[in-house]
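# Understanding the architecture of this molecule
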Amino acid sequence: MHLPTLRLRALPGALALIIAAFPPSARASDTIDLLRFGDPASERAHGLAAEASEAAAGALGQPLRRFLPLGGGEWRGGSAAFRLKVRGDAQNYLSVKLWGEDVNSNHATLYCDGKQLGQRHASDVDILDQGSKYAVAPGRFHYVTHPLPLALTRGKREIACRMRASGPIWRYGAEFSRFQKPMTEPTRGFYALLVHGGKMVPLDKVEGRAPAAPVQAGGGAAVLERVQQRVDAQVAQLWAAQRPPGQLEIAFLGKTFATAWSKGHAAPQNLAAIVAGIDAMWENYKKDRSIAYYDKATPNEGWFGFGLIGMALKTTAPHLQAELDGKVADADGRAISRRQALEAMFTDSRKWNKEHRRLYTNQSMIKDLYGIWYNNEGLIAIGSAQADPREQLLAFFYESVGLAPWTGSVNERGEPTYAAAEADAKFAVEKDYYETTKKGLTKELGYVGGYGEVLDWVAEIYDATRPSKGAPGDLRIREQLVKIAQARGYFRYPHWDAQGNRAMRLEAAIGWRDTYGPGDVTYAQRASWDASPLQVALATRDPRLLGYAQQMAADRQFYPSVEHMMEAPGLRATIGLIAVVEEHAEMQALPAQPHALPMTPGQPDFVFADEEDGVVAVKYGEDILYASLYWRANYGVSGLARVHYVTPVTDRTATVALDRQEYEPSGLFFTRPDNPHINGSRFSIRYPDDGGVWGAGERQPVAKLPPGSNYAPGEDNAHAGRADYYELRYGPYLIAMNSSKDKTFTLKLPPRKGIVQELVSGAMIGQGKTSLPLKAGTTAVLFLGSGK
C-alpha cells in the first residue's frame, strides 16, 4: 500500500512514498496536528461534532472522549466528525493515544474524505482501534500508529474525518451476523489523535510510567483438586450417559484409562464405553463414509479423521482383544469382526488425509498427527496388516515440524504434489519449502504470536512417537521441539497479569494472525485448551526450558495459568487438563535451573533475528523492540513494517513505511481490492453500509517466485511479498536485514555525531565508517541515540 521510492527495484512511481531514507532527527518527531479529545478548545478548533458520545476526565487528569452504544442490538455505536491538518507533500502518520490500563473489545473505524482507512481483518493496515483483551501498558499511555495513504493527503492541507465505534467481532464468523457482534458498552477512552511526519509518534506532555510489578501472593494449589474433580465428573457423566460416546469422548476415555489418579484409570466402564462408541461410529460410517473425513464431533472437522479413536486404541487395545474379535454387521448385513470394521475405517481415513494435507504450520501438524499418524496407530493397535511402518510415516512428522521440506498431499499414486491438495494450486509451494525457519519459528507466513505457539502440537507429535507412556520418543523431533521452544522464548516480555502482578506475556502486536495485544501470560509454553504450560519442559527435560517453567512458578503464575485453563468450557479443555496434576508433581521434584527468559529484567541485552520470517527482537537496557519487517505481505510487496516499542514511559505499536527494500520483481502485480474487510479475496465479509477503502486499485509488485510456487491473486503466497533485503529506521534504532540466500547488500550509514553501537555483534562504529556490508542471512541493528 505504501512503497518507499529509495532503493526499491522496479516500482511504479505512482505508488511511491515521499520520504527520506534517513530523515533528520528534527523531522522524526514533528507534529503536524494534535486533536485532544474531551478538550473543548481543541475539539472546537477541529470542528468536532459528536453523536452518542461523552467527554470525561480520564487517567492522570487528562480529558477523553468515549463513544456510546445505540442500544437495541445495534452493532454500530457513537461517532464524531472533525478535521485534521496534513502535510500535502510528504508521508503522514496518524497515531491514536489510549490509556494503557483500559480493556475493551469494541472497535473504532476512521473514515477520511469519504473512504475507510485500513481494513477490519488481518490486513497490512488495520482500522483505527481493534480494542484490547488485556491492559496494554499499565500506568502509562500507549499509542497505535497508522500510515495515511498519499492518495488521501497529496496536495491537501486538511482532511475531513469521521470516527465511528462498533461492537466486538468474532473473527471466525463466516457471515456478517456471526462476525460482527452488537455494541453493548461504551468504548474505551480516546485521548488524542496526532498527525505527524516521522514514523515514531512524539510523546505528549503527560505520559505516566510503568509501575512496579509485585509477585502475587502465594496459594492457589486448590485448583489442582478442582482439576481432578472436573475430570472425574466427566468420567462419571460418560459412564452414566444413555448414548455412545463420540470421538472426542472416546479420546478422553482413553486418556483417563491411562491416568493413575483418575476415576477412569484401568476402569472396565471406560473400555465398555469406548467399544460402544466404536460401534456407533461404524454404523454412521456405513451410512455416510464422509464421516471418515469430516466428523463434526472433532475440534476441526476435516483435520482429525478417525485419529482420536486410533489414539485411544493405542492405550486400550491390549485390554480389548476379545471385544475386537467380536462381531458387527457390514453394509450388506454380513458378520465381520470389529477389527475388520476398524480396518476399513482407519485405512479410508488415513488415505484421504494423506491426500488432503494442509500448508499452514499448526494445521499441518494437527492433520499429520491425527489424520495420518493416529489413524495408522489404530491399525497397529488392532493388528492390521494394512498399517504402515512407523518409520515410514515419520517423514510426515519431519515435514510438519520443519526437519524436512514439505512435500504436500500425495496423489492417488502416492506421489508428492507439493500442494495442500492435488488440485489446489492456490496452496502449492516449491520443493524446498520448510514449515519452520532454520532458527525455529513457524512461517504463517511471517511471525505469528498466538498461532505460532505450536509447542503443544510438537510435543503431542513427540509423545505420539513414544512406544509407551514415559518412554523416549523420536530424538530428532525432541531436538526440534527444543529449538522451537527456545526460539519462542525471545517473544515473551515482562508485563503484568490481570491483577497487576509480575508476569511475562507473549508478543502479539507484530503477529501476522494476531488481532490484539498483548498476548497471554506465557513462559516456557502458553497454557492452551490442549496442554499445560509445563508440557514441553517436562517432555524434553531441556535445562533452559525447565528454567523458564520454574520462572513461572517463582512468579507464582503456574496456578493462575491452570485457573485460566479451567475457564475454558467443553471436553477439549478438560482433556487438556488431564496431565496437569502429574506434571505439577514431576516439576516439583526437579532441581532448580539457572535460566530465565531472555527479556526478563536483569538478563543480558541481545538481538534475536530470524531472516526467514523477517522478524527482530531487541533487548537494550530498558528498551524492548519487536519488529516485523516482512509484514502481512500475503499477496505482493507492501513496503510496510510493524513495530512494537516498549519503554518504561510508553508503549508504541506502529505500522510504518520501510526505508528500503530489495527484491527481484516477477513482472506480476496484485491490485488491492476495494474491500473494507480484508486486503485479499478470502474470508471477506460485506457490511450493510460498506463504502470505499483508501488504497483500492493500488498495484503491489509481486516478488519473483521460486519454481513450483504458484501465484493466485488475492490468495496467500509465501513469496509474493517477501523481499531479499530490508531497512527500517524507527526512533533510535536502525535495522538492516539480509533475508536472501546468496546475496550481499550494503547498509549506507546515516550521518551521526559520535560512535554508535551495532547490537548484534556489539561492535562500536566510528564516525568515519560510511557503510556496513551484510552477508546473506544476517542482520545488523544500530542504536543511534536515546529513545523515549
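Since we're looking at a predicted model, the values are computed, not measured.

### Points about the overall build of the protein
Broken down by element type, the protein carries 19 helices and 32 strands. Its C-alpha atoms give the protein a radius of gyration of 27 Å, near enough to 28 Å, the size a compact globule of 788 residues would have. In terms of overall dimensions, the protein has C-alpha extents of about 85 × 55 × 55 Å along its principal axes. In the protein, the share of contacts with a sequence separation of at least 24, taken over all contacts with a separation of at least 6, comes to 71%. Summed over all atoms, the accessible surface of the protein reaches about 29,100 Å², with 53% contributed by carbon and sulfur. For the protein, the distance from the average site of its 90 positive side-chain charges to the average site of its 86 negative ones is 4 Å.

### Some remarks on the sheet that holds strand β32 (residues 778-783)
Strand pairing in a sheet takes place through backbone hydrogen bonds and is either antiparallel or parallel in direction. Strand order in the open sheet formed by six strands is β23-β26-β27-β32-β29-β30, with antiparallel pairing between adjacent strands. The two strands at the open ends of the sheet, each matched to only one other strand, are β23 (660-662) and β30 (764-765). One ladder, built from three bridges, connects β23 with strand β26 (residues 725-730); its direction is antiparallel. By the bridge assignment for β26, Gln661 is matched with Tyr726.

### Re the sheet that holds strand β12 (residues 158-166)
Taken in spatial order, the five strands of this open sheet run β4-β7-β12-β9-β10, and their pairing is antiparallel. The sheet is open, and its two borders are formed by β4 (49-51) and β10 (115-116), each paired with just one other strand. Judged from the eight bridges that link them, strand β7 (residues 76-85) and β12 form a sheet pairing that is antiparallel. Residue pairing across strands places Phe82 opposite Cys161, the latter belonging to β12.

### Looking at the confidence of the model for the protein
This prediction gives the protein a mean pLDDT of 93; 95% of its residues lie at or above 70. This model gives residues 1-28 a pLDDT under 50, and the stretch forms 86 contacts once residues within four places in sequence are excluded.

### Topic: the nonpolar core
In this structure, Phe306, Ile309, Leu313, Leu342 and Tyr370 are the most contacted members of the largest nonpolar core, which totals 113 residues. Here the element with the most residues in this core is helix α11 (residues 361-381); it accounts for nine residues. Once you skip the residues sitting within four places of it in the chain, Phe306 turns out to touch Gln247, Met281, Tyr285, Ile291, Ala292, Met345, Phe346, Ser349 and Asn375. Judged by nonpolar contacts, the second largest core, of 46 residues, contains Tyr433, Leu445, Val448 and Val781.

### Quick notes on the pairing of strand β21 (residues 640-646)
For β21, the tally of buried residues reaches seven of seven residues, placing the bulk of the element in the interior. Side-chain alternation along β21 places Leu640, Arg642, His644 and Val646 on one buried face and Ala641, Val643 and Tyr645 on a second face that is also buried. Pairing of strand β20 (residues 623-628) with β21 involves five bridges; the strand directions are antiparallel. Looking at the pairing, Leu625 lines up with Tyr645 of β21. Both β21 and strand β22 (residues 651-657) contribute to a ladder of seven bridges, which runs antiparallel.

### Some words on the pattern of salt bridges
The tally for this structure, following the rule as stated, stands at 51 salt bridges. Asp129 serves as the salt-bridge partner of Arg188, at 2.5 Å between the closest nitrogen and oxygen. Here the residue Arg188 occupies a position in the loop between α4 (176-179) and β13 (190-196), and Asp129 occupies one in the loop between β10 and β11 (141-148), the gap between them amounting to 59 residues. What makes Arg188 buried here is its relative accessible area of 6%. Linking Asp530 and Arg572 is a salt bridge whose minimum nitrogen-to-oxygen distance equals 2.8 Å. Of this pair, Asp530 sits in the loop between β17 (502-506) and α15 (535-540) while Arg572 sits in helix α18 (residues 571-577), and the two are 42 residues apart along the sequence.

### Details of the packing of helix α10 (residues 338-354) against α11
Here α10 crosses α11 at 150°, and the two axes come no closer than 9 Å. Judged on the interaxial angle alone, α11 and α10 are roughly antiparallel. Crossing hand, α10 versus α11: left-handed. Within the contact between the two elements, α10 uses Glu343, Phe346, Thr347, Ser349, Arg350, Trp352, Asn353 and Lys354 and α11 uses Lys367, Gly371, Ile372, Asn375, Asn376, Gly378 and Leu379.

### Digging into the packing of aromatic side chains
The full count for this structure, using the stated rule, is 30 aromatic pairs. Taken together, a centroid distance of 4.8 Å and an interplanar angle of 70° make the contact between Phe141 and Tyr191 edge-to-face. Of this pair, Phe141 sits in strand β11 while Tyr191 sits in strand β13, and the two are 50 residues apart along the sequence. For Tyr191, a relative accessible area of 5% gives the class buried. Taken together, a centroid distance of 4.7 Å and an interplanar angle of 45° make the contact between Tyr620 and Phe783 tilted.

### Description of helix α16 (residues 543-554)
Helix length check: α16, at 12 residues, gives a terminal C-alpha distance of 16 Å against a target of 16 Å (1.5 Å per residue), a fit within 8%. Every buried residue belonging to α16 is among Leu545, Leu546, Gly547, Tyr548, Ala549, Gln550, Gln551 and Met552, and all of these are buried. Looking at the buried residues of α16, the elements they touch are α14 (475-488), β17, α15, α17 (558-567) and α19 (580-588). A side-chain oxygen of the first residue of α16 lies 3.2 Å from the backbone nitrogen of Arg544; this N-cap is Asp542. Immediately downstream of α16, the backbone of Arg556 shows phi near 55°, a positive value.

### Observations regarding the environment of Ala589
With respect to the helices and strands, the residue Ala589 is situated in the loop between α19 and β18 (606-610). Among the residues examined, Ala589 registers a relative accessible area of 65% and is labelled exposed. Taking the C-alpha atoms as reference points, Ala589 and Tyr111, 478 residues apart in sequence, are found 58 Å from one another.

### Description of unusual backbone geometry
Here the residue pair Glu444 and Leu445 is connected by a cis peptide bond, since its omega of -15° sits within 30 degrees of zero. Looking at the secondary structure, you find Leu445 in the loop between α12 (390-400) and α13 (455-464).

### Topic: the side chain of Asn675
Tracing the backbone shows Asn675 in the loop between β24 (665-671) and β25 (699-703). Separated by 2.9 Å, the side chain of Asn675 and the backbone nitrogen of His677 make a polar contact. A polar contact of 2.8 Å, which involves the side chain of Asn675, links it to the side chain of Ser684. Beyond its immediate sequence surroundings of up to four residues, Asn675 is in contact with Gln119, Gly680, Ser684, Arg686 and Val693.

### Things to note about α19
When α19 is considered as a whole, its buried residues turn out to be Val580, Val581, Glu583, His584 and Met587. An end-on view of α19 places all buried positions within 165° of arc, on one side of the element. Elements in contact with the buried residues of α19: α5 (222-240), α15, α16, α17 and α18.

### Comments concerning the packing of helix α6 (residues 247-257) against helix α8 (residues 307-316)
Closest axis-to-axis distance for the α6/α8 pair is 8 Å, and the angle between their directions is 20°. In terms of orientation, α6 lies roughly parallel with respect to α8. Viewed along their axes, α6 and α8 form a crossing whose handedness is left-handed. Along its contact with α6, which presents Gln247, Leu248, Ile250, Ala251, Gly254, Lys255 and Phe257, the element α8 presents Gly307, Leu308, Ile309, Met311, Ala312, Thr315 and Thr316. Here the contact of α6 with α8 is composed, by residue class, of eight nonpolar, five polar and one charged.

### A look at the environment of Tyr451
Within the secondary structure layout, Tyr451 lies in the loop between α12 and α13. Sequence separation between Tyr451 and Gln363 is 88 residues; the distance between their C-alpha atoms is 9.7 Å. The contacts of Tyr451, once residues within four sequence positions are left out, are Arg171, Tyr172, Asn362, Glu444 and Arg513.

The rules we used
- Residue numbers here run from 1 along each chain, matching the order of that chain's written sequence.
- Given that the model is predicted, a residue must reach a pLDDT of at least 70 before its local features are reported, and side-chain atom pairs must reach 80 or more before they are shown or counted; all residues, however, enter totals for whole chains, interfaces and linings.
- Remark: hydrogens and water are excluded; side-chain values derive from all non-hydrogen atoms of the structure.
- Only DSSP runs of H or I covering at least 4 residues are called helices, and only runs of E covering at least 2 are called strands; the numbering of each starts at the N terminus.
- C-alpha atoms define the radius of gyration, and 2.2 Å times the number of residues to the power 0.38 defines the globule rule.
- Any pair of residues with heavy atoms lying within 4.5 Å of one another is described as a contacting pair.
- Note on areas: Shrake-Rupley, 1.4 Å probe, and residue coverage restricted to the protein chains presented here.
- Note that His is not counted, nor are the chain ends; the positive residues are Lys and Arg, and the negative ones are Asp and Glu.
- In this description, the location of a charge corresponds to atom NZ of lysine, CZ of arginine, CG of aspartate or CD of glutamate.
- A pair of strands is considered paired only if DSSP assigns at least 2 bridges between the two.
- Note on scores: pLDDT gives the predictor's confidence for each residue, bounded by 0 and 100.
- For our purposes a nonpolar core is just a set of buried Ala, Val, Leu, Ile, Met, Phe, Trp, Tyr and Cys residues, chained together by side-chain atoms within 4.5 Å.
- Burial classes follow relative accessibility: with a 1.4 Å probe on protein chains only, a residue under 20% of its type's maximum area counts as buried, one over 50% as exposed, and anything between as partly exposed.
- What counts as a salt bridge is simple: a side-chain nitrogen of Lys or Arg found within 4 Å of a carboxyl oxygen of Asp or Glu.
- Lines fitted to C-alpha atoms define the axes, with helix axes restricted to the stretch in contact, and inter-axis angles between N-to-C directions lie between 0 and 180 degrees.
- If an angle is under 35 degrees, it is roughly parallel; if it is over 145, roughly antiparallel; if it lies from 65 to 115, roughly perpendicular; otherwise it is oblique.
- Less than a right angle of anticlockwise turn of the near helix away from the far helix marks a crossing as left-handed, whereas a clockwise turn marks it as right-handed.
- Here a Phe, Tyr or Trp ring, Trp counted by its six-membered ring, pairs with any other such ring whose centre lies within 6.5 Å, and the pair is stacked when the planes are under 30 degrees apart, edge-to-face when over 60, and tilted otherwise.
- To estimate the expected span of a helix, count its residues, drop one, and scale the result by 1.5 Å.
- N or O atoms closer than or at 3.5 Å make up a polar contact, with two conditions inside protein: a donor-capable atom paired with an acceptor-capable one, and, for residues adjacent in sequence, both atoms drawn from side chains.
- Directions from the helix axis toward the C-beta atoms define the arc.
- Nonpolar residues are Ala, Val, Leu, Ile, Met, Phe, Trp, Tyr, Cys and Pro. Charged residues are Asp, Glu, Lys and Arg, and all others, Gly as well, are polar.

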